[in-house]
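Analysis of the macromolecular model
Single-letter residue listing:
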Amino acid sequence: MNPEFWNVLHDGFITGVSGSVPGDVQLGVEIDYLRQRFADPGDRIVLTLHGCTALSYHPFDEVPVTDFTVLAQAKPQILRAKDWTDASLVECAAGDLRITATGAALALDNGRPLSLEELGATAGAYWAEWSERSAKANPSGR
């Protein structure tokens, strides 16, 4: 599985989990600044993990979570795939997500498929605009 799926979802919160292990699992990711850039109605990006045989959230200093309802209630905030290279270990703000899956696909929550390239380009445009706004707001660079 390509770790870029996780890296482009940086800052997103996993707020929904459905499906089954083993099988396909859908993660609903709320990432407002990206989702708002798509004209399609909805408020989430859906990451489907195909052939998922393991999914657990390991909050720091707590018991690992495998129950989908509890995992969604924890709202893990995605930071990146571990060392930006291992898609099976995803660093979150308050723990790690551990996943074993054969592949993944993206879609908007209205069902429209979304390629990694389209989401990456949308994220890139957002961050370029953010950098430009920041530079204008702080021209001295301090």
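Our structure is the block above this text.
Here we summarise the structure given alongside this text. Worth saying up front: this structure is predicted, and the values here are computed from it rather than measured.

The next point concerns the environment of L119. Residue position: L119 is located in helix α4 (residues 116-137). Sequence separation of L119 and L106 is 13 residues, and the distance between their C-alpha atoms is 8.6 Å. The residues touching L119, leaving out its near neighbours within four places in the chain, are V8, L9, L34, F38, I45, L106 and L114.

Quick look at the packing of aromatic side chains now. Applying the stated criterion across every chain yields a total of 4 aromatic pairs. Centre to centre, the rings of Y126 and W127 are 5.0 Å apart; their planes meet at 85°, and the pair counts as edge-to-face. On the basis of relative accessibility, which here comes to 14%, the residue Y126 falls in the buried class. W127 gets classed as partly exposed once you look at its relative accessible area, which sits at 32%. Taken together, a centroid distance of 5.5 Å and an interplanar angle of 75° make the contact between W127 and W130 edge-to-face.

Judged by how many residues are buried, strand β4 (residues 54-59) sits mostly within the fold: 5 of 6 residues are covered. Where β4 and strand β7 (residues 95-100) come together, 6 bridges link them in antiparallel fashion. Looking at the pairing, Y57 lines up with L97 of β7.

In this section: the sheet that holds strand β3 (residues 45-52). Spatially, β1-β2-β3-β8-β9 is the arrangement adopted by the 5 strands of the open sheet, whose pairing is antiparallel. A strand with exactly one partner marks an edge of an open sheet, and here the two such strands are β1 (13-19) and β9 (113-114). Of the pairings in the sheet, the one linking strand β8 (residues 103-108) to β9 comprises 2 bridges and is antiparallel in character. Bridge assignment links L106 to a residue of β9, and that residue is L114.

Next up on the list: the environment of L47. Locating L47 in the fold gives a position in strand β3. When the C-alpha positions of L47 and D109 are compared, they lie 9.5 Å apart, and in sequence the two are 62 residues distant.

Procedures and definitions
Residues numbered from 1 in each chain as written. Predicted model: local features only at pLDDT ≥ 70, side-chain atom pairs only at ≥ 80, totals over all residues. Heavy atoms only, no water. Helix = DSSP H or I, 4+ residues; strand = E, 2+ residues; numbered from the N terminus. Contact = heavy atoms within 4.5 Å. Phe/Tyr/Trp six-rings, centres within 6.5 Å; stacked < 30°, edge-to-face > 60°. Buried < 20%, exposed > 50% of the residue type's maximum accessible area, 1.4 Å probe, protein only. Pairing = 2+ DSSP bridges.

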